[in-house]
Amino acid sequence: MDLREMISTGLVRAPGVWDGLTARLAEQAGFPALCASGFAISAALGYPDAELYTMSENLQAVRTVREASRLPVVADIDTGYGNAINAARTARRFADAGVAAVFMEDQRSPKRCPLIPGAEVELVDLAEAEGKVRAVRDAAGDMIVIARTDAKGDEALRRAESYVRAGADMIMPVTRTFSTVEEWARCREVAGVPLIATLTASAWTEREFTPEVMEQIGVRLALLPTQVLMAVTGAARHCLRRLAEGEAPAAVSADGLAHHDFVDLIGMDEIERQQHAYLPAAVV
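All values derive from a computational prediction rather than experimental measurement. (Residues numbered from 1 in each chain as written. Predicted model: local features only at pLDDT ≥ 70, side-chain atom pairs only at ≥ 80, totals over all residues. Heavy atoms only, no water.)

1. Quick word on the overall build of the protein
Right, so step 1: Regarding its fold elements, the protein presents 14 helices and 8 strands.
Right, so step 2: Counting across all 284 residues of the protein, residues that qualify as buried make up 47%.
Right, so step 3: Partitioning the contacts of the protein with sequence separation of at least 6, the portion at a separation of at least 24 is 69%.
Right, so step 4: Roughly 14000 Å² of accessible area belongs to the protein as shown, and the carbon and sulfur atoms make up 53% of that amount. (Helix = DSSP H or I, 4+ residues; strand = E, 2+ residues; numbered from the N terminus. Buried < 20%, exposed > 50% of the residue type's maximum accessible area, 1.4 Å probe, protein only. Contact = heavy atoms within 4.5 Å. Areas by Shrake-Rupley, 256 points an atom, 1.4 Å probe, with all protein chains shown as cover.)

Shown next, in the form of structure tokens:
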């Protein structure tokens, strides 16, 4: 079942991943789809989520995710990396990489992460934003086009209507676009298309958007963009601090995944099978 079919039949949850290992882990956990989280990809490169990486760096990370998993991928293309012409090229490149859906925001480049307390974001004019959505739609082929808005209140509703007219398949309010479930329901009514929600760690949507609530307000795709990143980072920091303080490596390793379990998880058995099938016996 492709992502469009999944969304048409009910709520789809997609965890944030950023490389082949996290993609493989998410698939093995039983998720039906993946989110190539821009927040996480940027963090993996050592940067905050401020559009400091390039389109090519993002695309390479997404290709790695696609290669590691058979699941449909929802990719973050930030602001499209330029004007409508740049955004259309970005959409074509991501479509060529086999991405199932992309979401693009209406901030002025370089974007600012709306999760940063007190950060004010600057939006592009509505006419320009609508043109970018239309350009992405025309270039996207079968890919689902998700228009994200960082506007608030009535302005967000106005933009949602406009983006749907431009060809957006879904609308993605950010976590601070609205402050109540009722406002989300109004957005679904005005837009006339399914919504996508980001259940970001520590955001109000993470706490209040139960499956039942999301069903009621028309959310069909729920992204979990930061939970895995925060868990992995916390575990890695704890492990590294213990090692740096001189704790015995064997004691630290005992608290993590066993080596043989990791080898199984990463697919070594399949590589061994291929080696025996295709390589000369003397080489194997």
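That shown, we press on.
2. Section: the pairing of strand 6 (residues 170–173)
Right, so step 1: Of the two faces of strand 6, both are covered, the one formed by M170 and M172 as well as the one formed by I171 and P173.
Right, so step 2: Summarising the sheet, strand 5 (residues 144–149) and strand 6 pair through 4 bridges and their orientation is parallel. Along strand 6, the bridge assignment pairs A147 with I171. (Pairing = 2+ DSSP bridges.)

3. So, the state of the cysteines
Right, so step 1: In total, this model carries 0 disulfides according to the counting rule given.
Right, so step 2: C187 forms no disulfide, and the closest cysteine sulfur to it belongs to C35, at a distance of 19 Å. (Disulfide = S-S within 2.5 Å.)

4. A closer look at the pattern of salt bridges
Right, so step 1: Scanning the model with the defined rule gives 18 salt bridges in all.
Right, so step 2: A salt bridge links D169 to R4; its shortest N-O distance comes to 3.6 Å. A residue pair is termed long-range when its members are at least 10 positions apart, and D169 in the loop between helix 7 (153–165) and strand 6 and R4 in helix 1 (residues 3–9) qualify at 165 residues. (Salt bridge = Lys/Arg side-chain N within 4 Å of Asp/Glu carboxyl O.)

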